[in-house]
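Tertiary structure, described
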Amino acid sequence: MSVFRDVTQAVPVAVFKLSQDFNNDQDPNKVNLGVGAYRTDEGLPWVLPVVKKVEKVIAHDDRLNHEYLPILGLPQFRSSASAIALGAGSAAVREDRVGAVQCLGGTGALRIGAEFLRRFHDGSNNTQTPVYVSAPTWENHNAVFASAGFEDVRSYKYWDAQNRGLDLAGFLGDLETCPEHSIFVLHACAHNPTGTDPTQEQWMKVAEVMMRRRLFVFFDSAYQGFASGDLDKDAWAIRYFVSMGFEMFCAQSFSKNFGLYNERVGNLTIVARDPDNLQRVLSQMEKIVRTTWSNPPSQGARLVAITLSDPALFEDWKANVKTMADRVLLMRAQLQAKLQALGTPGTWGHITQQIGMFSFTGLNPQQVEFMVKERHVYLMASGRINMCGLTTKNIDYVAQSIHATVTSVQ
Amino acid sequence: MSIFSEVPQAPPVAVFKLTADFREDSHPQKVNLGVGAYRTDECQPWVLPVVKKVERLIVEDSSLNHEYLPILGLPEFRSASSKVALGDDSPAIKENRVGAVQALGGTGALRIGGEFLRRWYNGTNNTATPIYVSAPTWENHNAVFADAGFKDIRPYHYWDGAKKGLDISGLLDDLEKAPEASVFVLHACAHNPTGTDPTQDEWKQIAEVMKRRNLFVFFDSAYQGFASGSLDKDAWAIRYFVSEGFELFVAQSFSKNFGLYNERVGNLTVVAKDNENLTRILSQMEKIVRTTWSNPPSQGARIVSKTLNCPELFAEWKGNVKTMADRVLLMRDQLKAKLQALGTPGTWDHITQQIGMFSFTGLNPKQVEYMIKEKHVYLMASGRIKCVV
């Protein structure tokens, strides 16, 4: 008899199950609007030209070896990654009160940050401290904070389904009524899954309440540069909060904007009041990292560090990022135009108003099922589509599919 | 005032602090016998020739991209790695009851395995299940299992300081007395820090008690190939336990035997009773991985996978591993010979009897302090030295 006989079968992660079903589908018209990775207009993955270039430089550099990185990661990666988020002229960086932990993608940065907060944020046992994630949010947020030991993960109002936009009043209401010292996970830009971000004025209101009520700011920044095509524009909210004097965390991912999904390149940026507090925080981060992965993987971090630190390569990278962002914007514009041309019932302005990789179509679960089963267009049950899955070749079929769905399924 | 004002300063990790102190030391004859990374006879890090070769193959391969790996990792890496541990003709593999989770080095493999056991091993809440680690053991074992949620981590007798060898009767006694279903972390070979492994007969005795008392076997295998120079020889204990019908975990690290320290290449091999149990286990492993690192890094796994799955590269790798193991053996011989030639008081046979990267010199803390401060020879407070500098 197995010592594991009582282990239950876990439910597969939805987004990967969707891709699996897509792969098994034989229909020639099938389209995958599920998983969040960039695709070219040929529907293929894209290794950024600057990445290919720097990989070759690394492979031929005989000065490099494979000795352990420091526990907190490659120093040049950490500082250049934080500078990308906070801006080259960041006062906080100049004041030596910004530190970082190189992590395994955005997930790893969130997890390490969460583990730290559970141990240290408000007293030495934060298992009961509420953690607020947006309604809706990335499907893994809840579980990451729960695994870090938080027992009270709640949602804050965010998406207004009726008006297909931000429920600012609800959001601010939750900020006003939550327990003091609660932790809020904010999407820095290109909100996943809704694609709907607060305006600058709205961010200012959010910041005012959070400062007054002593709420902890934990930014999740997975799409910097990818959302608008402009690194600085996409980091406005982060920089505003820093300028307002918040101590905060920012979990950065380079999966999307460098297309380095599988090398797990992430950075947990920490902004503290002063260097002394920062040092103590980083010393505890080391302890947490040491029992999780000991020290982080080198390849992706080297690549990003070299790229960000070399002016010519940095320009190459920004251009590659703009290529991706521009294609997404084009697909948004075209999808909206085609739906309007078809006279598809409903309003479709949100497709171009939303930003980043994802769009919340507004399709309900029955309509989603119809799309998948009858039209072989794969999207998340929430109605979320990945704009990167659209190409000039499949966009007509997708528009027609949405039209057919909306007109035949209520 | 800072919200972090109550955060205390954590003490640095000893082995890295030692290296930091070493770096700051300007003495011309300083020697670092601390952190466990291989050095050539020129005292330099060594990128294995096969690794350099494969890295260039990978970078020239335009069919490769950077799409997410599956949550459990690169399939051909996982299967090749498990095969290295269990053997090419492993019946357990043929019976489809061996699976694996690509993990972040040996640390990551231990942590994921620990997280799984705490949730699922003996009932659904194992926070009170005792975890036994050897006395002494790798300095991070305790903390990894504590952070996985285990509250009762205990030592089992291992090192006999008086005889400078294995305290087999103490070990067996602990096995007899441990609560049933306790988890034991066993070093597959090249015990860290003592360099002292059980003999085959002693392993057989250990296995007999563990089977009878229903104790869980969690192997830590960080030095396969590196210890004796032979992959099969170094995996004997793992394979013996598998052949005895144990369900077990093996946390494998490719940091040392591939010299890929900083790419974090590890594998948690899972041996279950049958495929059905294995499938359920792996599904729960996915949930644990998803909230830790989502999916693992590609580069190191690709290098190892390509090497293990290609006969010529595999042979070349084994040659590189033997190079490292042989140099360690040579240094052991020479160190012992020189101490004997100097007439240094004490017995020094343990230096050549011990195996792997480390040797437990037997120096006490005051002697260690003298070595560092007066002689600028850096070693761990336990008296552990690294045999290749």
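The preceding data block contains the structure.
Structure report, in brief. Residue positions within a chain follow its written sequence, with the count starting from 1. Chain letters start at A and ligand numbers start at 1, both assigned in the order the entries are written. Thresholds applied to this predicted model are a pLDDT of at least 70 for local features of residues and 80 or more for the giving and counting of side-chain atom pairs; totals over whole chains, interfaces and linings are not thresholded and use all residues. Hydrogens and water are ignored here; the side-chain numbers use all heavy atoms of the structure.

Where helices and strands are cited, they refer to DSSP runs of H or I of at least four residues and of E of at least two residues respectively, numbered from the N terminus. Summing up its helical and strand segments, chain B has 15 helices and 13 strands in all. Computation of the radius of gyration draws on C-alpha atoms alone. For the globule rule, the value is 2.2 Å times the number of residues to the power 0.38. Against the compact-globule benchmark of 21 Å for 389 residues, chain B has a radius of gyration of 21 Å, which places it among compact chains. Along the longest, intermediate and shortest principal axes, the C-alpha atoms of chain B span 60 × 60 × 55 Å. When contacts within chain B are restricted to residue pairs at least 6 apart in sequence, those whose partners lie at least 24 apart make up 74%. Accessible surface, chain B as shown: approximately 15100 Å² in total, 53% of it carbon and sulfur. One finds the centroid of the 44 positive side-chain charges in chain B at a distance of 2 Å from the centroid of its 44 negative side-chain charges. When checking whether two residues touch, look at their non-hydrogen atoms; a contact exists if any pair is within 4.5 Å. All accessibility values rest on the Shrake-Rupley procedure with a 1.4 Å probe; residue burial counts only the protein chains present in the view. Positive residues here are Lys and Arg, negative ones are Asp and Glu, while His and the chain termini are left out of the count. Charge positions come from single atoms, namely NZ of Lys, CZ of Arg, CG of Asp or CD of Glu.

On to the sheet that holds strand E4 (residues 153–157) of chain A. Residues and elements named next belong to chain A. We treat two strands as partners when DSSP finds at least two bridges between them. Pairing in this open sheet of seven strands is mixed, and the strands run E2-E10-E9-E8-E7-E3-E4 from one edge to the other. Two strands lie at the open edges of the sheet, namely strand E2 (98–104) and E4, each paired on one side alone. With strand direction ignored, the average angle separating the axes of adjacent strands in the sheet is 25°. Here five bridges tie strand E8 (residues 216–221) to strand E9 (residues 248–253), and the two strands are oriented parallel to one another. By the bridge assignment, Ser221 is partnered in E9 with Gln252. All axes here are fitted lines through C-alpha atoms, helices being fitted over the stretch that makes contact, and every angle between N-to-C directions spans 0 to 180 degrees. Here helix H3 (residues 75–86) sits on the sheet and contacts E2, E9 and strand E10 (265–271); the angle it forms with E10, its principal contact strand, is near 70°.

A separate point is the packing of aromatic side chains. Centres within 6.5 Å make a pair out of two Phe, Tyr or Trp rings, where for Trp the six-membered ring is used; the pair is then stacked when the planes are under 30 degrees apart, edge-to-face when over 60, and tilted otherwise. Per the stated rule, a full pass over the model turns up 59 aromatic pairs over all chains. Ring plane angle 55° and centroid distance 5.9 Å describe the contact between Tyr38(B) and Trp46(B), whose orientation is recorded as tilted. In this scheme, a residue with accessible area under 20% of its type's maximum is buried, one over 50% is exposed, and one in between is partly exposed, where area comes from a 1.4 Å probe on protein chains only. Under the relative-accessibility criterion, Trp46(B) is labelled partly exposed at 21%. Tyr38(B) sits in the buried class, given a relative accessible area of 4%. Members of the aromatic cluster, connected to one another through ring pairs, are Phe4(A), Phe116(B), Tyr121(B), Phe145(B), Phe150(B), Phe216(B), Phe218(B) and Phe249(B). Whether a charge lies above a ring is judged from NZ of Lys or CZ of Arg, which has to be within 6 Å of the ring centre and within 35 degrees of the ring normal. The residue whose ring lies beneath Arg164(A) is Trp348(A), and the NZ or CZ to ring-centre distance is 5.7 Å. The residue whose ring lies beneath Lys30(B) is Phe22(B), and the NZ or CZ to ring-centre distance is 4.4 Å.

Facing 75 residues of chain B, the contacting portion of chain A comprises 78 residues. Two parts lose some accessible area (1.4 Å probe) when they are put together, and adding that loss for both gives the buried area. Across the chain B to chain A interface the summed buried area is about 6900 Å²; carbon plus sulfur atoms make up 54%. For the chain B face of the interface with chain A, the top three residues by lost area are Phe4(B), His66(B) and Tyr68(B), together amounting to 12%. Each reported salt bridge corresponds to a side-chain nitrogen of Lys or Arg within 4 Å of a carboxyl oxygen of Asp or Glu. One can count six salt bridges joining chain B with chain A. When the shortest N-O distance is used, the salt bridge between Arg290(A) and Glu139(B) registers 2.8 Å. Here a polar contact means two N or O atoms within 3.5 Å. Within protein one must be a hydrogen donor candidate and the other an acceptor candidate, and residues neighboring in sequence count only if both atoms are side-chain atoms. For the pair chain B and chain A, the number of links is 58 residue pairs in polar contact (both at pLDDT 80 or more). Every element with two or more residues in the side of chain B that touches chain A is listed here: helix H1 (14–24), helix H2 (49–60), helix H5 (105–120), helix H6 (141–147), helix H11 (275–290) and helix H12 (299–309) of chain B.

Attention shifts here to helix H16 (residues 395–408) of chain A. By definition here, a helix of n residues has an expected span of 1.5 Å times n minus one. When the terminal C-alpha atoms of H16(A) are compared, their 20 Å separation across 14 residues agrees well with the 20 Å that a helix rising 1.5 Å per residue should span. Those residues of H16(A) lying buried are Ile395(A), Tyr397(A), Val398(A), Ala399(A), Ser401(A), Ile402(A), Thr405(A) and Val406(A).

All names here are of chain A. Within the element layout of this structure, His141 appears in helix H6 (residues 141–147). A polar atom in the side chain of His141 sits 2.7 Å from the side chain of Thr137. Of note is the side chain of His141, whose polar atom sits 2.7 Å from the side chain of Asp220. If we ignore the near neighbours within four places in the chain, the residues touching His141 are Leu110, Val133, Val185, His187 and Asp220.

For sheets, the rule is that strands pair by backbone hydrogen bonds, running either parallel or antiparallel. Residues and elements named next belong to chain B. One open sheet holds the seven strands; their spatial order is E2-E10-E9-E8-E7-E3-E4, and the pairing between them is mixed. Edge positions in the open sheet fall to strand E2 (98–104) and strand E4 (153–157), since each of these has one partner strand only. Direction aside, neighbouring strands of the sheet carry axes that sit 25° apart on average. Contacting strand E7 (183–187) and strand E8 (216–221), helix H8 (residues 200–212) runs over the sheet at an angle of about 165° to E7.

The next point concerns the pairing of strand E3 (residues 131–135) of chain B. Residue and element names in this part refer to chain B. A large share of E3 lies buried, amounting to four of its five residues. Bridging between E3 and E4 involves five bridges; their strand directions are parallel. Note on E4: the bridge partner recorded for Tyr132 is Arg154. Handedness rule for crossovers: strands pointing away from the viewer, path from the first strand over the helix to the second running clockwise, crossover right-handed. Handedness of the E3-H6-E4 crossover: right-handed.

Attention now moves to helix H8 (residues 200–212) of chain A. Residue and element names in this part refer to chain A. The end-to-end C-alpha distance of H8 is 18 Å, a good match for the 18 Å that 13 residues give at a rise of 1.5 Å each. Along H8, the residues that are buried comprise Gln202, Trp203, Val206, Ala207, Val209 and Met210. Burial along H8 is one-sided: seen end-on, the buried residues are contained in an arc of 165°. Of the surrounding elements, those touching the buried residues of H8 are strand E6 (165–166), helix H7 (168–177), strand E7 (183–187), E8 and helix H10 (236–243). Positioned one or two residues after H8, Arg214 has a phi angle of 55°, which is positive. Throughout, the arc means that of the directions going from the helix axis to the C-beta atoms.

As a further point, take the environment of Glu115(A). With respect to the element layout, Glu115(A) can be found in helix H5 (residues 105–120). Other than its neighbours up to four places away in sequence, Glu115(A) contacts Ser147(A), Ala148(A), Ile288(A) and Arg111(B). Looking at Glu115(A), its side chain comes within polar contact range of the side chain of Arg111(A), at 2.8 Å. In this structure the side chain of Glu115(A) is engaged in a polar contact, spanning 2.7 Å, whose partner is the side chain of Arg119(A).

Right, let's talk about the pattern of salt bridges for a bit. When charged atoms on two side chains of opposite charge get close, those side chains can pair. Residue and element names in this part refer to chain B. Within the structure shown, the criterion is met by 43 salt bridges over all chains. With a shortest N-O distance of 2.9 Å, Asp21 and Lys17 are connected by a salt bridge. Of the two residues, Asp21 and Lys17 both sit in helix H1, four residues apart, roughly one turn of that helix. Classification of Asp21 by relative accessible area gives partly exposed; the value is 30%. Overall, Lys17 belongs to the partly exposed group, its relative accessible area being 38%.

Across the chain, the bulk of peptide bonds are trans and the bulk of non-glycine residues have phi less than zero. Cis rather than trans, the peptide bond between Ala135(A) and Pro136(A) has omega equal to 0°. Structurally, Pro136(A) can be placed in the loop between strand E3 (131–135) and H6. The omega torsion of the bond from Asn192(A) to Pro193(A) falls at 15°, within 30 degrees of zero and hence cis. As for its position among the elements, Pro193(A) is in the loop between E7 and H8. Positioned with a positive phi, Arg264(A) is a non-glycine residue whose angle comes to about 60°. Among the secondary structure elements, Arg264(A) is positioned in the loop between E9 and E10. A positive phi angle, close to 55°, is found at Ala190(B), a residue other than glycine.

As a further point, take the packing of H12(B) against helix H13 (residues 311–342) of chain B. Residue and element names in this part refer to chain B. Between H12 and H13, the least distance of the axes is 5 Å, while the angle of their chain directions is 105°. One way to sum up the angle between H12 and H13 is to call them roughly perpendicular. From H12, Lys306, Thr307, Leu308 and Asn309 reach across to H13, where they touch Pro311, Leu313, Phe314 and Trp317. Oblique is the label for any angle not under 35 degrees, not over 145, and not in the 65 to 115 range, which are roughly parallel, roughly antiparallel and roughly perpendicular in turn.

In short, shape yes, function no, at least from these values alone.
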